[in-house]
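# A structural walkthrough
Listed below are the residues making up each chain.
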Amino acid sequence: MNILRRTLVGAAAFLLLKPFAALAAAWNKDAFAAKTPQDALKGIGAGEAAASKDLVIDAPQIAENGAVVPIEISSAIAGTTSIAVIIEKNPFPLAAQFDFENGALPYVKLNVKMNETSDVRAVATAGGRRYAATKEIKVTIGGCGG
Amino acid sequence: MAGPMKMRATLGGGGTAGSYTDVRVLMTHPMTTAQSNQPLHFIQNITVRQNGKAVVEAQISQAVSRNPVFTFRIKGGAKGDKIEVSWLDNKGETNKIETAVA
């Protein structure tokens, strides 16, 4: 009796939990919680990345308002499937990761918050290898309090 | 609070780079950080679909600016293609918008 009950409860719990599991999309909690750029890189599996001129970060040299810093990243590396954005001196350096498939071009433009003047690093994945580019952006007023 | 979205999808490019579909999307969202005095509330996942097929899957953090604006590009494409962008935040709130390529 007890075993039957436990099985039924288990089955019911499984059925109840499953839709929630399906709803929760993948979010790399460990990498986003990392507090150093090194840990963030490790979190996305990119401990070692080769510098590449084919990965281009287009952003202002000086951002007056750290709350909205426009950054444009494009990769000319053949077979790029992913681009991550790491703001080295932010409290949590990993800002975003974009996975491209089914014909999406390895390109993204977004606005980020920057706490202070910092190197911004883009990491691209192509054919299982990692490539990186870095650009320093100077910030006059930090934007992480908003 | 999280509010409406706006999106524009157009054909761009040409020349040596080839043509592409340019998708610009705006999400109304507070994107509050752990540093502010408000509860942490930010978008975590964004999915872009072209005619029902996922083309970009993004994971983002609180470091993305309030009322996020993104530009994505999809190779080729044609007028009338259906582009859908959806997001999911850390509180389980979600929203989406669909438009046809002009």
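For the structure given in this document, a descriptive report is provided here. (Residues numbered from 1 in each chain as written. Chains lettered and ligands numbered in written order. Predicted model: local features only at pLDDT ≥ 70, side-chain atom pairs only at ≥ 80, totals over all residues.)

## What about the nonpolar core?
Soluble globular proteins tend to pack their nonpolar side chains together in the buried interior. Core analysis: the biggest nonpolar cluster contains 61 residues, and Val85, Ile86, Leu94, Ala95 and Val112 of chain A have the highest contact counts within it. Tallying contributions element by element places strand E7 (residues 104-112) of chain A first for this core, with six residues. Once residues lying within four places of it in the same chain are set aside, the contact partners of alanine 95 of chain A are Val85, Ile86, Ile87 and Val112 of chain A together with Ser61, Ala63 and Val64 of chain B. (Core = buried A, V, L, I, M, F, W, Y, C linked by C-beta atoms within 7 Å. Buried ≥ 20, exposed ≤ 12 C-beta atoms within 10 Å, placed from the backbone. Helix = DSSP H or I, 4+ residues; strand = E, 2+ residues; numbered from the N terminus. Contact = placed C-beta atoms within 7 Å.)

## A closer look at the pairing of strand E7 (residues 94-100) of chain B
All names here are of chain B. Sheet topology note: the strand E6 (residues 82-89)/E7 ladder contains seven bridges and is antiparallel. Along E7, the bridge assignment pairs leucine 88 with threonine 94. Here E6 folds back onto E7, and the loop between the two strands holds four residues, one of which, glycine 92, carries a positive phi near 85 degrees. (Pairing = 2+ DSSP bridges.)

## Some words on the interface of chain A and chain B
It is common to give the size of an interface as the accessible area that goes away when the parts come together. Contact residues are listed per partner, giving 32 residues for chain A and 29 residues for chain B. Elements with a minimum of two residues in the side of chain A that touches chain B: strand E6 (94-100) and E7 of chain A. Considering every element that reaches the side of chain A that touches chain B, the biggest residue donor is E7 of chain A, with eight residues. Both E7 of chain A and strand E5 (residues 69-75) of chain B contribute to a ladder of four bridges, which runs antiparallel. Looking across to E5 of chain B, one finds that valine 108 of chain A is bridged to phenylalanine 72 of chain B.

These values are about where atoms sit, not about what they do.
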